[in-house]
Amino acid sequence: MKLRPVDFATEGLFLCGLAHSPKMIDENISQAKAAAARAATILSKTHLEVGAQISVVDQNKCISCMTCVNVCPLMPIL
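Residues numbered from 1 in each chain as written. Predicted model: local features only at pLDDT ≥ 70, side-chain atom pairs only at ≥ 80, totals over all residues. Heavy atoms only, no water.

Caption draft 1: Quick peek at the overall build of the protein. Looking only at helices and strands, one finds two helices and zero strands in the protein. Going through the 78 residues of the protein one by one, you find that 9% of them count as buried. In the protein, the share of contacts with a sequence separation of at least 24, taken over all contacts with a separation of at least 6, comes to 27%. Counting every atom, the protein has about 7,000 Å² of accessible surface; 63% of that belongs to carbon and sulfur. (Helix = DSSP H or I, 4+ residues; strand = E, 2+ residues; numbered from the N terminus. Buried < 20%, exposed > 50% of the residue type's maximum accessible area, 1.4 Å probe, protein only. Contact = heavy atoms within 4.5 Å. Areas by Shrake-Rupley, 256 points an atom, 1.4 Å probe, with all protein chains shown as cover.)

Set out below in structure tokens:
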């Protein structure tokens with residue numbers, strides 16, 4: 001038996017209703033309320049710790065065209 005039936009494999013995503021599996025309307029409503037409650041626990045926090053992603057430029061391949069800065073959301077603007 002799954003301990004968290006509305007949680008998805010990816011953290012922060014929740015499933016309910018037909019996205020989970022076909023079921024009766026009262027079960028869908030119960031799952032929707034559970035998914036909303038799980039989302040509310042995340043949204044009610046004042047801050048969240050997330051994994052940091054850092055982009056790095058390979059200086060051996062760089063020709064200073066600035067394309068990486070223009071297209072990459074992780075590239076810091078200098």
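Caption draft 2: Up close: the environment of Val6. Inspection of the secondary structure assignment puts Val6 in the segment before α1 (25-43). Residues Val6 and Ala35 lie 29 residues apart in sequence; the distance between their C-alpha atoms is 5.7 Å.

Caption draft 3: Up close: the pattern of salt bridges. Counting across every chain of the model gives one salt bridge. When the shortest N-O distance is used, the salt bridge between Arg38 and Asp7 registers 2.9 Å. Linking Arg38 in helix α1 with Asp7 in the segment before α1, this pair joins segments that are 31 residues apart in sequence. When its relative accessible area of 28% is taken as the criterion, Arg38 is described as partly exposed. (Salt bridge = Lys/Arg side-chain N within 4 Å of Asp/Glu carboxyl O.)

Caption draft 4: Main features of the side chain of Asn28. Within the secondary structure, Asn28 is located in helix α1. Judged by its relative accessible area of 15%, Asn28 is buried. In this structure, Asn28 is in contact with Gly17, Leu18 and Lys23, ignoring residues within four places of it in sequence.

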